[in-house]
Amino acid sequence: MSTVAFERKVNYLNVDHRVRSWLLTTDHKRIGILYLLAISVFFVVGAVSAAIIRLSLFTPEGALLHGQAYNKMFSLHGITMIFFFLIPSIPAVLGNFLLPLMIGARDVAFPRLNLMSWYVFVLGGTFTLIAATTGGVDTGWTFYAPYSSIYSNTNVTLTAVGVFITGFSSILTGLNFLVTIHKLRAPGLTWSRLPLFVWAHYATSLIMILGTPVVAMAILLVGLERVLHIGIFDPALGGDPILFQHLFWFYSHPAVYIMILPSMGVVSELIACFSRKRIFGYEFVAASSLAIAVIGFLVWGHHMFVSGQSVYAGLIFSLLSYLVAIPSAIKVFNWTATMYRGSVAYHAPLLYALGFIGLFTIGGLTGLFLANLGTDVHLTDTYFVVAHFHYIMVGGAITGFMGGLHFWWPKITGRLYPEVWSRAAALLLFVGFNLTFFPQFILGYNGMLRRTYTYPPEFQVLNVMSTAGASILAAGYLIPVIYLLWSLRYGQAAGPNPWEAAGLEWTTPSPPPASNFDKTPVVTHEAYAYEEAPLPGVPEVGRV
Amino acid sequence: MVFGLRLFPEQASSIARQVDLLFLFLLAVSAFFIGLIFLTVIVFAIKYRRRSDKDRPAPIHGSLPLEILWTVIPLGLALVMFGWGAWLYFTINRPPADALEVFVVAKQWMWKFQHASGLREINALHVPVGRPVRLTMTSEDVIHSFAVSDFRIKMDVVPGRYTTAWFEATRPGEYRLACAEYCGTEHARMVGRVVVMTPEEYAAWLQGVPAGISLAAAGEKLFQQQGCAGCHLATGAGPGPALTGLFGKPVKLATGETLTADEAYIRESILNPQAKIVAGYPPIMPPFRGVLSEEQLLQLLAYIKGLAAEQKAKAER
Amino acid sequence: MSEHQDTVALQHQFDDAEQQFEASALGMWAFLITEIMFFGGLFTLFLVYVSAYAQGFAEGSRHLDLTLGAVNTVVLIGSSLTMAMAVWSAQVGRRTPLLLFLALTMLLGLAFLGIKVVEYTHKFDQHLVPGPGFRLESPVANHVQLFFSFYFAMTGMHALHMVVGVGLLGVLLVQAWRGSYSAEYFNPVEISGLYWHFVDIVWIFLFPLLYLVARHT
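Residues numbered from 1 in each chain as written. Chains lettered and ligands numbered in written order. Predicted model: local features only at pLDDT ≥ 70, side-chain atom pairs only at ≥ 80, totals over all residues.

### Regarding the overall build of chain B
Right, on to step 1. Helix and strand counts for chain B come out as seven helices and twelve strands.
Right, on to step 2. Relative to the globule expectation of 20 Å for 317 residues, the C-alpha radius of gyration of chain B, 27 Å, shows a markedly less compact shape.
Right, on to step 3. The C-alpha extent of chain B, read off along each of the three principal axes, is 95 × 50 × 45 Å.
Right, on to step 4. For chain B, with 317 residues in total, the buried portion stands at 35%.
Right, on to step 5. In chain B, of all internal contacts separated by at least 6 residues, the share reaching a separation of at least 24 is 66%. (Helix = DSSP H or I, 4+ residues; strand = E, 2+ residues; numbered from the N terminus. Rg over C-alpha atoms; globule rule 2.2 N^0.38 Å. Buried ≥ 20, exposed ≤ 12 C-beta atoms within 10 Å, placed from the backbone. Contact = placed C-beta atoms within 7 Å.)

Below, the structure written as structure tokens:
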């Protein structure tokens, strides 16, 4: 049956089987796959280090690691997860694969630059992994001076070089997306018809272009300070280490939005498709992405309420932080309203999307405690912060990534995965995640400080709960890996549009041909015009 | 404590109750919205589940009144939260005038305290109950952070500058002090305790510990030893400006600027005197960077502060 | 694809040459914005410190060679002019002037870098390079050292951009020699021109900031 047809068709995967054709590809779809492979390596590194951290915190004295060994472990976890997994995850994998398809283009604007950005990423990652395996680094992912620039005796320079190089990959990706979205849209695809996934990536690209160079510079100065002793943050010369924090967070707070905005874009697609409805308040959801990107650049000082900066600076940063919460709230309300009077089908991608809404809501609302000048003094640098940003980055960004991967997996590979397993895994992820991280809110309010390998004995019960939950969470990530790999060989052929989704990417065969579209599509509808979609069982001409 | 689970830290300072109250307010608002979103999502997911593959729900484009509603209500709540938090932040950052002064020097990985009496402690700080305590802090190496969660306070301790924090303990007992800013290998063990005592116990403790000379007196000794006294004559007739009554007063600089003589100014003027020259005086003082330790600097600071207090007391008499 | 399919230089993702040109121009502008943010961070730090340590920075500034700095400014402005001429030659499709102006620009760029090397060498000889080897008798020696930290970080970054620019010019020269550019297709020349002008502008900010402004505060 259709399996036969599937294997005979020439698509981007089987157009050329040589390794060379992959390593030198300029096809955005193949580059997306290359990124998927690369970030998977870093996800494994980050996840294993997380597991070791959680196991070690099983007892108050530290069950596995002490002192510098523990510090290197959490640094490795943070650096790999943030710079090498979360930031590239959705944009570089799904964004690369889907943006041209979604806007009816044959490729991104600069395909060779796109490939180069992958190599730059791999190069930066290699530096960082070499640094990790030849002694490690113990500064945390934040590289605070003067600890990082003068006092740490670990591989800070090499790691900083790795992170610096990877920044370029981010910049190049953002630049490519920005130009692609501006210049390569299909005829009729006006800005008000763009899928929200594209809007989210547009906002993300802006942050990548504007923010990354600043942190690149800050980290470069730390590296120069170590190698050449130039000492711009050295208190002995009159340098001010607090300025490093300003530069660092000027990027690293918006970087959180690099991680979450694409995920929000994914969720918009999923909610619309599985409710068979237009996104409620499309303009508001699209505009809120831009609002987040813009206001997100003005809130960095909320990481520094107890750093000794002036109380008036604190006031402004707190107020702006509250303002940036509003567009996020608007999104959540609109997604929820989208399901109203819809036709909701509980496929795995939707379960991930609903999980995202729940976890992001908790993560976002606990952010209000940290944006608050009164409570942040007590909460900052405690496990409350750890729990909060894991709710955003893991509960939000990674859950969105999983949802997106499940949604577009049939498009990427041409195969379906087992329904039952996928739904079970989505539920497991939600449960495991909450068990792992909810106890950390309570720990944080009780004063358990982050980045400590030992803690007072009264915190043990909650830490054991958290570690136990992490094992369930791990299963929630492992099961999809197994059945997704299984589906590559044994999965049913998906057909061009298994979810009956709107969107140009679903008008191509699965997997799509190397050149995406035989003929440049002409767009006549708004995004998510589900009421216009043909009824199932009445195949359009050209459908399989 | 429930089954060995502690849900709230102790309220052991004057601001703890206020922080908890604000926290509970934020918690209530959050719980309401989390409940609202979860409930709505679940109800919609069940009520509008797909019954037939042929379902084609009617399109809804959105609703401006709803958008306005769910923009304005969160915005209003956010502003309330912000205002309340800001008000509390000012309380947390404004030490009362009559506070007991303690100087803190942090280093990898210990806390050093100097009381005004000259008494020194390491990793333990004894204070009387019901009396505001003002901490002037600096670090000898990297950034640390002074955190006592039972007091709900935390303030970074930064090399090269002074930061301040204050608290008023409301309950005798021992409270955990820890470093909250990651500072290297033994960051986790950079802990200590704040011992809060009744005034009687505190007085007895003060008696029982050999205090040596007071901080200001140590500063005065340094002032003589380092030759400061040779130029900074009390009359102001020497080559250096008089320091009596200087602290907290405006200073006119050679550049025409006027600034207040606070801790940061005095610190800079000792370490790097050329940075800010007082109007009418020659720029001849040598820098003391690398000559004085952080603790000695604090002693000098205490002495110079003391001169101002003395003069004020005299004037009042 | 459209009738432009026969144009070798048109890449498959674009419909026509105009779209291709607009895309690469927008790309370069976006890249320059990235660069502005990069240097912007450094400039901001510098401004914070120069206002805090005016005296030390003024003293540091006085150790710089104003003449060499001014000569370099003239050299760079000249190179911007020749670069603009190169772009114009490409636009009108004249190969010989294009080659000439590209070579001139490259030469001026190299001259700038050469003068920079001379300046750096002087600083090494005078022990004004930050680090353990820094020697200076001054009450504000540590602030002067901080000034030189900025001097080397900022001019070093700028010099690195110049090196990249000279490399780009080399590629353009080879391509122009082979006759790759015509009045219809001169994208790379124009885009590289944008980059070159940007690097010049950075210097136009650096020169007064390091050599002039700090000196007089």
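We are not done yet, so read on.
### Here we look at the overall build of chain C
Right, on to step 1. Per the secondary structure count, chain C includes six helices and zero strands.
Right, on to step 2. Secondary structure elements in chain C, listed N-terminal to C-terminal, are α-α-α-α-α-α.
Right, on to step 3. When the backbone C-alpha atoms are referred to their principal axes, chain C occupies close to 75 × 30 × 30 Å.
Right, on to step 4. Burial statistics for chain C: of 217 residues in total, 40% are counted as buried.

### Looking at the sheet that holds strand β2 (residues 110-115) of chain B
Pairing between sheet strands relies on hydrogen bonds along the backbone, with the strands arranged either parallel or antiparallel.
Residues and elements named next belong to chain B.
Right, on to step 1. A sheet is described by the order of its strands in space; here five strands give the open sequence β3-β2-β1-β5-β8, paired in mixed fashion. The open sheet has two free edges, formed respectively by β3 (120-122) and β8 (163-167), since each of these has just one partner strand. On average, adjacent strands in this sheet sit at an angle of 25° to one another, irrespective of strand direction.
Right, on to step 2. Two elements, strand β5 (residues 133-139) and β8, share five bridges in a ladder whose sense is antiparallel. Paired with Leu135 across the bridge in β8 is Ala165. (Pairing = 2+ DSSP bridges. Axes fitted to C-alpha atoms, helices over the stretch in contact; angles between N-to-C directions.)

### Describing the interface of chain A and chain B
Right, on to step 1. Across the boundary between the two partners, chain A contributes 76 residues, which contact 76 residues of chain B.
Right, on to step 2. Per-class residue counts for the side of chain A that touches chain B are 42 nonpolar, 26 polar and eight charged. (Nonpolar A, V, L, I, M, F, W, Y, C, P; charged D, E, K, R; others polar.)

### Some words on helix α5 (residues 141-177) of chain C
Right, on to step 1. The terminal C-alpha atoms of α5 of chain C, which comprises 37 residues, lie 52 Å apart, in line with the 54 Å expected from a rise of 1.5 Å per residue.
Right, on to step 2. Downstream of α5 of chain C by a residue or two, Gly179 of chain C has a phi angle that is positive, lying close to 75°. (Expected span 1.5 Å × (residues − 1).)

### Some points on the packing of helix α10 (residues 282-295) of chain A against helix α11 (residues 311-339) of chain A
Residue and element names in this part refer to chain A.
Right, on to step 1. Look at α10 against α11: their axes get within 9 Å of each other, and the N-to-C directions meet at 160°. Judged by the angle between their axes, α10 and α11 are roughly antiparallel. For the crossing formed where α10 meets α11, the hand is left-handed. Together, Phe284, Val285, Ser288, Ala291, Ile292 and Ile295 of α10 and Leu320, Leu323, Val324, Pro327, Ser328, Ile330, Lys331 and Asn334 of α11 make up the contact between the two elements.
Right, on to step 2. For the contact of α10 with α11, the residue count by class is ten nonpolar, three polar and one charged. (Parallel < 35°, antiparallel > 145°, perpendicular 65-115°, else oblique. Left-handed = near helix turned anticlockwise from the far one by under 90°.)

### Let's talk about the sheet that holds strand β7 (residues 153-157) of chain B
All names here are of chain B.
Right, on to step 1. Pairing is mixed in the open sheet, where five strands are placed in the order β4-β10-β9-β6-β7. The open sheet has two free edges, formed respectively by β4 (124-128) and β7, since each of these has just one partner strand. Strand-to-strand twist across the sheet, computed as the mean angle between neighbouring axes with direction ignored, equals 20°.
Right, on to step 2. With two bridges joining them, strand β6 (residues 144-148) and strand β9 (residues 173-179) adopt antiparallel strand pairing. Paired with Ala147 across the bridge in β9 is Ala178.
Right, on to step 3. On the sheet, helix α3 (residues 199-208) packs against β4 and β10 (191-197) and is oriented at approximately 130° with respect to β4.

### Notes on the interface of chain C and chain B
Right, on to step 1. Each partner contributes residues to the interface: chain C has five residues there, and chain B has five residues.
Right, on to step 2. A per-class count over the side of chain C that touches chain B returns three nonpolar, two polar and no charged.

### Overview of the pairing of strand β1 (residues 100-107) of chain B
Residue and element names in this part refer to chain B.
Right, on to step 1. Of the strand pairs in this sheet, β1 and β5 are connected by seven bridges, and their pairing is parallel. Each residue of the ladder has a partner; that of Val102, found in β5, is Leu135.
Right, on to step 2. Inspection of the sheet shows β1 paired to β2 by six bridges, in the antiparallel sense. Residue pairing in the sheet places Lys107 in a bridge with Met110 of β2.

### Some details on the environment of Leu290 of chain A
Residues and elements named next belong to chain A.
Right, on to step 1. Tracing the chain through its elements places Leu290 in helix α10.
Right, on to step 2. Overall, the presence of 16 C-beta atoms within 10 Å leaves Leu290 in the partly exposed class.
Right, on to step 3. For the pair Leu290 and Tyr202, spaced 88 residues apart in sequence, the C-alpha separation works out to 8.2 Å.

### Examining unusual backbone geometry
Residue and element names in this part refer to chain A.
Right, on to step 1. The residue after Ala145, namely Pro146, is reached through a cis peptide bond having omega 0°.
Right, on to step 2. Mapped onto the fold, Pro146 is located in the loop between α5 (111-133) and α6 (147-151).
Right, on to step 3. A cis geometry characterises the amide bond from Ser510 onward to Pro511, with omega recorded as -10°.
Right, on to step 4. Inspection of the secondary structure puts Pro511 in the segment after α16 (460-490).

### A look at the packing of helix α12 (residues 348-371) of chain A against helix α14 (residues 383-413) of chain A
Residue and element names in this part refer to chain A.
Right, on to step 1. It is at 8 Å that the axes of α12 and α14 come closest, and there the two elements cross at 160°. Comparing the axis directions of α12 and α14 gives the class roughly antiparallel. Between α12 and α14 lies a crossing of left-handed hand.
Right, on to step 2. When the residues that make up the contact of α12 with α14 are grouped by side-chain class, the tally is 16 nonpolar, eleven polar and no charged.

### What about the confidence of the model for chain C?
Residue and element names in this part refer to chain C.
Right, on to step 1. Across chain C, pLDDT averages 89, with 94% of residues at or above 70.
Right, on to step 2. Overall, residues 1-8 carries pLDDT values under 50, and its contacts beyond four positions in sequence, including any with other chains, amount to six contacts.
Right, on to step 3. Across the predicted assembly, pTM comes out at 0.91 and ipTM at 0.91. (pLDDT = per-residue confidence, 0-100.)

### Quick word on helix α6 (residues 187-213) of chain C
All names here are of chain C.
Right, on to step 1. Its 27 residues give α6 an end-to-end C-alpha distance of 38 Å, which sits within 8% of 39 Å, the value for a rise of 1.5 Å per residue.
Right, on to step 2. For α6, every residue scored as buried is listed here: Val189, Ile191, Ser192, Gly193, Trp196, Val199, Asp200, Val202, Trp203, Leu206, Leu210 and Tyr211.
Right, on to step 3. Where the residues of α6 are buried, they touch α1 (17-52), α2 (54-62), α3 (66-91), α4 (95-125) and α5.

### Here we look at the environment of Tyr530 of chain A
All names here are of chain A.
Right, on to step 1. Within the fold, Tyr530 resides in the segment after α16.
Right, on to step 2. On the basis of neighbour counts, which here come to 22 C-beta atoms within 10 Å, the residue Tyr530 falls in the buried class.
Right, on to step 3. Look past the residues within four positions of Tyr530 in its chain and what remains in contact with it is Arg276, Lys277, Arg278 and Ala502.

### Brief notes about the nonpolar core
Right, on to step 1. Judged by nonpolar contacts, the single largest core of 331 residues is most densely connected at Ala218 and Ile219 of chain A together with Val104 of chain B.
Right, on to step 2. Excluding its chain neighbours within four sequence positions, the residues that come into contact with Ile219 of chain A are Phe143, Ala160, Val163 and Phe164 of chain A. (Core = buried A, V, L, I, M, F, W, Y, C linked by C-beta atoms within 7 Å.)

### Remarks on the environment of Asn155 of chain A
Residue and element names in this part refer to chain A.
Right, on to step 1. Following the sequence through the fold, Asn155 ends up in the loop between α6 and α7 (156-183).
Right, on to step 2. With 23 C-beta atoms counted inside 10 Å, the residue Asn155 sits in the buried group.
Right, on to step 3. Sequence-wise, Asn155 and Ile130 are 25 residues apart; in three dimensions their C-alpha atoms are separated by 9.4 Å.
Right, on to step 4. Ignoring anything within four residues of it in the chain, the contact list for Asn155 reads Ala131, Thr134, Gly135, Gly136 and Val137.

### Topic: the pairing of β2 of chain B
Right, on to step 1. What sits between β1 of chain B and β2 of chain B in their antiparallel hairpin is a turn of two residues.
Right, on to step 2. Linkage of β2 of chain B to β3 of chain B, two consecutive antiparallel strands, is achieved through a turn of four residues, within which Gly118 of chain B is found at a positive phi near 100°.

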